[in-house]
Amino acid sequence: MDDVRSALVRCFEAVFPDLDVERINEATPRTVAAWDSIAHTTLLTVVEEQFAVEVPIDQVEHLVSFDAFVQWLSLQRNSNHRSEAR
Amino acid sequence: MATIDSERTGEESGFAGSAGIIWALVDALRIVNGARERTGRELDVVLACGFTPLHLATFLNATLQATTSRPVRITAGGYNDLLGTLRKIVGERENTAATAVVVEWQDLDLRLGVRHLGGWGPAVLADVLRNAEAATQRLATALEALAETRLVALCLPTLPLPPIPQTAGWQTSGFELELAHLVSAFGARMSRVNGLRVLHEGRLARLSPMSERFDLKSELLTGFPYSRRHAAAVGHLLGALMQERAPKKGLITDLDDTLWNGLLGEIGSGAVSWDLSHHSHEHGVYQQFVGALAEAGVLIGVVSKNDGLLVEKTLQRSDLLLRPDLIYPVEAGWGPKSAGVARVLEAWNVAPDSVVFVDDSPLELAEVKAAFPDIVCQRFPKGDPKALWTLLEYLRDAFGKPMILDDDKIRVASLRANAARKSDLVAADSDEFLSTIEARVTVDFKNDPKDTRALELVNKTNQFNINGHRYLESDWRNYLAHPNSLLLRVSYKDKFGPLGTIAVLTGRRVGTTLRIDTWVMSCRAFSRRVEHQCIRQLFSRFDFESLTIDFCQTERNGPVAEFLNSIGAKPENAGTVVYREEFERRCPPMFHDVRELAHG
């Protein structure tokens, strides 16, 4: 979980360079003025790129906070681990 | 910095356009973020496209930020209104530095995109073609007006056309060909506009394969149709198009095994070749390329270890694919190539960093590089057509200009006119270079009459050959069988690799002297002081105060005479005497690790 969070922080830092780590952990479109539709798309792309995942269309509108990203990425990782274990 | 892809096109990329580096989006963002504190006059760039620019703007920004110290500001145009954006910029008083214009199919007709469902039936397609033709005309007019006031980098449609079901996917439809023709004609017209540069689809295809360019999900969600990789590639190349880089000015080329196949001094003017029948066509391709560079105004000079008269004669061959009047200067001689390069630079009056040197020998390249670190040195890859292609592409990048001007074409004539003043440059002292190449000389005094490898070298060497004598194998064996005769074979290697046996010497003890009857040395070993080492080894092994060399001047053995003069021995046909004391006084420093081959 920690490595997901730290990698995700780097993604947020790239998209929102004015945010410090503390604000990144609490980031949502409501708390970050720069989080508009363009920033959201950029963030999704950076996350896809850095974590080598593809965000399904139906998840796009749900990934609207740092925590939401953490949970979704953790689920992806667990799912991958289960697949590998089989 | 992490990259997801990279490719090299030469020893030095020189500028971003040739390096072909594709950044990850996160890295591009970091570059852009890192440049936020820059101050000074902004580089204002408009990115005009009909779609949401998203990552394309980021990659273009990062590319420009990476190549300038100025702050860069990218302004995007309106969505779905490329023509309107262009007309708006034309009407603006305040000029931006440059405009990047990206045309996609939907800019020619919205029905060529997927966000507008206007139909793909046959009747619709005919209308699409008419619309597209009119759109290219309007775009052309706007772009011509735009290019009058600022630099324009134009990217023609890069995405695959939608899978319009007229034909199966492996059959091109007439509609697709008509569209391609239309865009091609539009691009050709634009390429002739001064101040407008068209992005090269072939280079783009290397960085971004056609099948990986379109991102339907992104197009549907955000109106941005490019995959991340494709956005990176287009942004990168648009940035390269906008750079005001200085192309290289001059190409200095070697001759033997580079401009042509074969060693001129060995096989003569008529036998060097560059054609299919001699399996030397790669040299013809290179010649043709260099000829085209010359006609485009690139300075072409020659530096070759060769006989000047022979070179002059060969450069006049009617089948040469490079006009001899466009080659200037020609430096043919026996000194270090760096000295020849120095004279070329003087004649051209250009700085080393504006020059590319091409030679087939890694050693020669290294010697020139050591003397002129700023010169780009490229190896001519004899026998490797694939590498030749890479070399030509590199040279195209290095010398390419947005447009060829009339001034470019007269440069060589102008230089020739000014060439009355002679260069007074002295040969570069190469001690520093020679001391670093880890040269090892192996001497072998074994007198083996059956060894025909030594004879082979004797019978094929012309330039460093004391008398040009040829031997039949039987004569050779008989000579070596005499109890007073000696055979010295010398091998050479350095950090660039082995040259193998490069010198052969035979002699006889006659009274109080050693008489040298045969001495040849490969031209590959010139300027490495191997000839000096040969003499030293003889004096070291035999307790004589002098050697007598059976010198006989030939048409091609000028290097021997030059060498003998340099060590204080007057080249005379009756026999040239080399005195130990005089030799040691004049001998330059040698940096060879000398080993004698032991025979059990």
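Definitions and limits used
- Counting restarts for each chain: residues are numbered from 1 in the order of the written sequence.
- All chains are assigned letters beginning at A, and all ligands numbers beginning at 1, according to the order in which they are written.
- Whole-chain, interface and lining totals are the exception, using all residues; otherwise, since this is a predicted model, local features are given only for residues with pLDDT of at least 70 and side-chain atom pairs are given and counted only at 80 or more.
- Where side-chain values are given, they derive from all heavy atoms of the structure, hydrogens and water being excluded.
- For the purposes of this entry, the term helix denotes a DSSP run of H or I that reaches at least four residues, the term strand denotes a run of E that reaches at least two, and both are numbered from the N terminus.
- A 1.4 Å probe rolled over the protein chains alone gives each residue an accessible area, and that area as a share of the maximum for its type sets the label: buried under 20%, exposed over 50%, partly exposed in between.
- Residue contacts follow a heavy-atom distance rule, with two residues in contact if any of their heavy atoms lie within 4.5 Å.
- Among buried residues, the Ala, Val, Leu, Ile, Met, Phe, Trp, Tyr and Cys ones that are joined through side-chain atoms within 4.5 Å form a nonpolar core.
- The rule for a salt bridge is simple: a side-chain nitrogen of Lys or Arg has to be within 4 Å of a carboxyl oxygen of Asp or Glu.
- Grid spacing is 1 Å over the protein atoms alone, the probe is 1.4 Å, and a cavity is where that probe fits but cannot get out, while a pocket is an open set with protein on both sides within 12 Å along at least five of seven lines and lining residues have an atom within 4 Å of a point.
- Grid points are joined across faces, edges and corners, and a volume is the space filled by probe spheres set on the points.
- Throughout this entry, Asp, Glu, Lys and Arg are counted as charged residues, while Ala, Val, Leu, Ile, Met, Phe, Trp, Tyr, Cys and Pro are counted as nonpolar. The remaining residues, Gly among them, count as polar.
- Should DSSP find at least two bridges between two strands, the strands are regarded as paired.
- A fitted line through C-alpha atoms serves as each axis, taken over the contacting stretch for helices, and the angle formed by two N-to-C directions is quoted from 0 to 180°.
- Defined here as a combined quantity, buried area equals the accessible surface (1.4 Å probe) lost by two parts on assembly, summed across both.
- Polar contact is the term for a pair of N or O atoms within 3.5 Å; when the atoms are in protein, one must be able to donate a hydrogen and the other to accept it, and sequence-neighboring residues count only if both atoms are side-chain atoms.

K.L.:
Quick question: what am I supposed to make of the environment of B:Asn61 here?
P.N.:
All names here are of chain B. Looking at the secondary structure, you find Asn-61 in helix α3 (residues 54–66). Of the residues examined, Asn-61 reaches a relative accessible area of 11% and is grouped as buried. For Asn-61 and Val-45, which are 16 residues apart along the polypeptide, the C-alpha to C-alpha distance reads 8.9 Å. Not counting residues within four places of it along the chain, the set of residues in contact with Asn-61 comprises Val-32, Val-72 and Ile-74.

K.L.:
Help me understand the nonpolar core in this model?
P.N.:
One recurring pattern in soluble globular proteins is that nonpolar side chains are buried together. Ranked by size, the top nonpolar core spans 72 residues in total, and within it A:Phe12 and B:Leu238 carry the most contacts. Those residues within four positions of A:Phe12 in sequence are excluded, and the remaining contacts are A:Ile24, A:Ala27, A:Trp35, A:Leu43, A:Phe66 and A:Phe69. In this structure, B:Leu499, B:Val530, B:Phe539 and B:Phe544 belong to the second largest nonpolar core, which totals 47 residues.

K.L.:
Please explain the pattern of salt bridges as it appears in this structure.
P.N.:
Any two side chains of opposite charge can pair, given that their charged atoms come close. Residues and elements named next belong to chain B. Here the structure, examined in full by the defined rule, presents 35 salt bridges over all chains. For Asp-319, the salt bridge goes to Arg-317, with nearest N and O atoms at 2.8 Å. Using a relative accessible area of 36% as the deciding quantity, one classes Asp-319 as partly exposed. Taking the shortest distance from any N to any O, the salt bridge between Glu-545 and Arg-580 comes out at 3.5 Å. Taken together, the residues Glu-545 in the loop between α22 (530–541) and β18 (546–549) and Arg-580 in helix α24 (residues 580–586) connect sequence positions 35 residues apart.

K.L.:
Quick question: what am I supposed to make of the layout of surface pockets here?
P.N.:
Any empty space left between the atoms is revealed when a probe the size of a water molecule rolls over them. Residues and elements named next belong to chain B. The space that makes up the largest pocket amounts to roughly 1300 Å³. Together, 34 residues line the largest pocket, and Arg-245, Arg-396, Asp-397, Gly-400 and Lys-401 are the ones closest to its centre. Those elements that provide at least two residues to the lining of the largest pocket are β7 (196–198), α8 (201–207), α10 (228–242), α12 (281–295) and α16 (385–399). By residue number, the principal contributor to the lining of the largest pocket is α16, which donates six residues. When grouped by side-chain class, the residues that make up the lining of the largest pocket number 19 nonpolar, six polar and nine charged.

K.L.:
It is not clear to me how the pairing of strand β13 (residues 440–444) of chain B should be interpreted in this structure. Could you clarify?
P.N.:
Side chains on a regular strand alternate between the two faces of the sheet. Residues and elements named next belong to chain B. Most of β13 sits out of view: four of its five residues are buried. By the bridge criterion, five bridges tie β13 to strand β15 (residues 485–494) in an arrangement that is antiparallel. Among the inter-strand pairings, Asp-444 is bridged to a residue of β15, identified as Arg-489. Direction of pairing for β13 relative to strand β20 (residues 593–596): parallel, over a ladder of four bridges. Residue pairing for β20: Val-441 is matched across the bridge by Val-594.

K.L.:
How should I be thinking about empty space enclosed by the protein in this particular structure?
P.N.:
Residues and elements named next belong to chain B. For the structure shown, the criterion picks out two cavities of 30 Å³ or more. Lining the largest cavity are Gly-50, Phe-51, Tyr-79, Asn-80, Gln-106, Leu-110, Gly-113, Val-114, Arg-115, His-116, Glu-219 and Gly-223. By volume, the second largest cavity is sized at about 40 Å³. Lining the second largest cavity are Leu-434, Ile-437, Ala-439, Tyr-492, Arg-528, Arg-529, Phe-591 and His-592.

K.L.:
Which parts of the structure should I look at to understand the sheet that holds strand β6 (residues 151–155) of chain B?
P.N.:
Each strand in a sheet pairs with its neighbour through backbone hydrogen bonds, running either in the same direction (parallel) or in the opposite one (antiparallel). Residues and elements named next belong to chain B. Strand order in the open sheet made by the five strands is β4-β3-β5-β6-β7, with parallel pairing throughout. Each edge of the open sheet carries a strand with a single partner, namely β4 (72–76) and β7. Strand-to-strand, the axes of this sheet are offset by a mean angle of 20°, without reference to chain direction. Where strand β3 (residues 43–49) lies against β4, five bridges are found, and the strand directions are parallel. What sits directly across from Val-46, in β4, is Thr-75.

K.L.:
When you look at the interface of chain A and chain B in this model, what are you seeing that I'm missing?
P.N.:
Chain A puts 18 residues into the contact, and the matching count from chain B is 13 residues. Summing the contributions of chain A and of chain B, the shared interface buries around 1300 Å²; its carbon and sulfur component is 64%. Put simply, B:Arg36 and A:Asp18 hold a salt bridge, and the shortest N to O gap is 2.8 Å. The tally of links between chain A and chain B comes to eight residue pairs in polar contact (both at pLDDT 80 or more). Counting residues per element, the ones that place at least two in the side of chain A that touches chain B are α1 (2–15), α3 (37–51) and α4 (57–60) of chain A. It is α3(A) that contributes the most residues to the side of chain A that touches chain B, eight residues altogether.

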